[in-house]
Amino acid sequence: MVQCDLLIRGINIASMSGNSSYGIIENGAIAIRDSTIAWIGKEDLAPELKTKKTLSLPGKWVSPALIDCHTHIVFSGNRAWEFEDRLKGKSYQEIAKSGGGIISTVNETRKSSSEDLLKVAKNRLNVLQSEGVGTVEIKSGYGLDLSTEKKMLEVAKELENEQICIKKTFLGAHALPPEYAEKSDDYIKYICEEVLPELHNLSLIDAVDAFCENIAFSNHQIEILFEKAISLDLPVKLHADQLSNSGGTELAASFGALSADHLEYTSQKGVEALAESGTVAVLLPGAFLMLNEKQKPPIDDFRKMSVPMAIATDCNPGSSPICSIRFAMSLAANLFHLTPEECLAGVTSEAAKALGIESKGTLEIGKDADIAIWDISHPNELAYWLGINPLSKLIIAGKMI
Ligand code: NIG
Ligand code: FE
């Protein structure tokens, strides 16, 4: 006899686990006890169940709740003027070199109160949640000093509640702040010795990220940062090979990174390094679109080498002012030619791997009861519709949102 709090029945399930396409279970049922899945399978094969509540949803589909594994949603202001400049032909790098770009958001975020930051970030989180997202990774990186990085990560922590899971990433090596102009080695020393250990002691960091690029930090500087992170037992990830091939992907893989993100310029050697280390390739087609990039990530090589591919919004005010996980899925299909199944895996099972979360991303016995319920007739519709939200209900940790 299986005891449960909630039984969802009459559903078709895209479990995203097992070897079959989408892990489909037709005419299925899911039994939830506390916050986890107590039983899942074909309804007519269910064991004897004793449930407090039953939800009959004939015709609906369910999938794991979606996971946005790369965002920068805690920031102030916007950069619509830079967007206009880029439309007129200025590049993202030119804007960054002339003091705009990330630094202009740093200036706004440093001035902003925690309350204001919390308010704008909460709005963005609610929008993601309204599309079925149950887990969001949030990066710092618009502070670049101890007090503002702390403020950003505290806001990220405050966003976490029983309705949403948040993973907090320290991105102190995002750009060089003006007070360290021409002194980038000193800045790396500052974040390694003063910022990272302090924020880690405050339990504000789940992982460490950096921007490896000629307009940001060198491979050697990132190695120093990653060595420090590993010494504190923090996993790493990297913005790698976004605008040029710097070998960032190989660098991330050599540290056993959870993920390497962007990857437009990743070489064959980089793909092989990811395959060997088990590092997830996080694709950010929103940034590719908004920066009018022409070079695409080596998707076929990732497939050939079985590199897991996740997809995320990269929601930020510069390269990706996009707050829609389903738009990111559609872009991954339309621009990078991922299949609809790869798109759904990219925001469920593979996104969970990119965050190092074993209890989410698939629907299986013992996993978290994070479940999205959809008004669709096949899961391939999730990368297909735009402007229509097919989400019917969202259940997080066993509770209806
Ligand atoms: O993922 N590439 C670096 N970081 C962000 C952009 C941040 C910004 O422009 O504000 C990205 O694209
Ligand atoms: Fe990013």
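Structure first, text after, so check above.
As the structure is a computational prediction, the values presented were derived from the model and not from experiment.

Of regular secondary structure, the protein chain possesses 14 helices and 16 strands. For the protein chain, whose C-alpha radius of gyration is 21 Å, the value lies close to the compact-globule estimate of 21 Å for 401 residues. Counting only C-alpha atoms, the protein chain reaches 70 × 40 × 40 Å along its principal axes. Looking at the protein chain residue by residue over its 401 residues, the buried ones come to 58%. Of the contacts formed within the protein chain by residues at least 6 apart in sequence, a portion of 71% connects residues at least 24 apart. When the accessible area of the protein chain is evaluated, it comes to approximately 16000 Å², of which 49% is carbon and sulfur surface.

With that settled, the discussion passes to the site of ligand 1. Taken together, 15 residues sit near ligand 1, with R79, Y92, Y142, Q242 and S319 positioned nearest. Residue R79 places a side-chain N or O atom 2.7 Å away from an oxygen atom belonging to ligand 1. Within the side chain of S319, a nitrogen or oxygen atom sits 2.5 Å from an oxygen atom of ligand 1. Relative to its unbound accessible surface of 330 Å², ligand 1 loses 100% to contact with the protein. Each residue belonging to the shell around ligand 1 can be placed in one class, and the counts come to 4 nonpolar, 9 polar and 2 charged.

Bringing the sheet that holds strand β13 (residues 309–311) into the picture now. Spatially, the 4 strands line up as an open sheet ordered β10-β11-β12-β13, and their pairing is parallel. Unpaired on one side and paired on the other, β10 (237–240) and β13 mark the two borders of the sheet. Mean inter-strand twist for the sheet, computed between neighbouring axes without regard to direction, equals 25°. Bridge analysis of strand β11 (residues 259–262) against strand β12 (residues 280–283) gives 3 bridges, and the strand direction is parallel. Directly across from S259, in β12, lies its bridge partner V280.

Quick look at the pairing of strand β1 (residues 2–14) now. Relative to strand β4 (residues 49–56), β1 runs parallel, the two being bridged by 7 bridges. Bridging across to β4, L6 finds its partner in K53. As paired strands, β1 and strand β2 (residues 24–33) are joined by 7 bridges and run antiparallel to one another. Directly across from L7, in β2, lies its bridge partner A31. The pairing of β1 with strand β5 (residues 61–64) spans 2 bridges and is classified as parallel. Bridging across to β5, I13 finds its partner in V62.

A word on the coordination of the iron ion (ligand 2). Protein ligation of the iron ion (ligand 2) involves H70 (NE2), H72 (NE2), H239 (NE2) and D314 (OD), the donor distances falling in the range 2.1 to 2.3 Å. Expressed as a motif, the donor residue spacing for the iron ion (ligand 2) is H-x1-H-x166-H-x74-D. Pair noted here: H70 is in the loop between β6 (66–68) and α1 (80–87) and H239 is in strand β10, with a separation of 169 residues, a long-range link. Exposure class is identical for H70 and H239. Each is buried.

With that settled, consider unusual backbone geometry. Positive phi, normally seen in glycine, also occurs at H262, with a value near 90°. The exposure class of H262 is buried, given its relative accessible area of 1%. One non-glycine residue, N292, lies in positive phi territory at about 55°. Along the chain, the position of N292 falls in the loop between α10 (285–290) and α11 (299–304). Note on N292: relative accessible area 54%, which makes it exposed.

Between the first and last C-alpha of helix α12 (residues 325–336) there are 15 Å, a value that for 12 residues agrees with the 16 Å anticipated at 1.5 Å per step. Across the 12 residues that make up α12, a large majority, 9, are buried. One or two residues past the end of α12 sits H337, with phi positive at roughly 60°.

With that out of the way, let us pick up the state of the cysteines. What we call a disulfide is simply a covalent bond connecting the sulfur atoms of a pair of cysteines. Applying the stated criterion to the full structure yields 0 disulfides. Free cysteine: C192, not disulfide-bonded; nearest cysteine sulfur from C212 at 15 Å. Looking at the unpaired C323, the closest cysteine sulfur is the one in C315, lying at 4.1 Å.

Here we take up the packing of aromatic side chains. Each aromatic ring pair is described using two quantities: the centre-to-centre distance and the angle formed by the ring planes. Applying the stated criterion across every chain, the model contains 8 aromatic pairs. With a centroid separation of 5.6 Å and 20° between ring planes, the pair formed by Y180 and Y190 is classed as stacked. You can see Y180 sitting in the loop between β8 (165–173) and α6 (184–201) and its partner Y190 sitting in helix α6, a full 10 residues away along the chain. Considered together, Y180 and Y190 belong to a single accessibility category, that of buried residues. A centroid spacing of 6.1 Å and a plane angle of 45° characterise the contact between Y187 and Y190, whose relative ring orientation is tilted. Pair noted here: Y187 and Y190 are both in helix α6, with a separation of 3 residues, about one helical turn. Owing to a relative accessible area of 0%, Y187 belongs among the buried residues under this scheme.

What counts, and where the lines are drawn
Residues numbered from 1 in each chain as written. Chains lettered and ligands numbered in written order. Predicted model: local features only at pLDDT ≥ 70, side-chain atom pairs only at ≥ 80, totals over all residues. Heavy atoms only, no water. Helix = DSSP H or I, 4+ residues; strand = E, 2+ residues; numbered from the N terminus. Rg over C-alpha atoms; globule rule 2.2 N^0.38 Å. Buried < 20%, exposed > 50% of the residue type's maximum accessible area, 1.4 Å probe, protein only. Contact = heavy atoms within 4.5 Å. Areas by Shrake-Rupley, 256 points an atom, 1.4 Å probe, with all protein chains shown as cover. Near = heavy atom within 4 Å. Polar contact = N/O pair within 3.5 Å; in protein donor to acceptor, adjacent residues only side chain to side chain. Nonpolar A, V, L, I, M, F, W, Y, C, P; charged D, E, K, R; others polar. Pairing = 2+ DSSP bridges. Axes fitted to C-alpha atoms, helices over the stretch in contact; angles between N-to-C directions. Donors = N, O, S within 2.8 Å, 3.2 Å for Na, K, Ca; no water. Expected span 1.5 Å × (residues − 1). Disulfide = S-S within 2.5 Å. Phe/Tyr/Trp six-rings, centres within 6.5 Å; stacked < 30°, edge-to-face > 60°.

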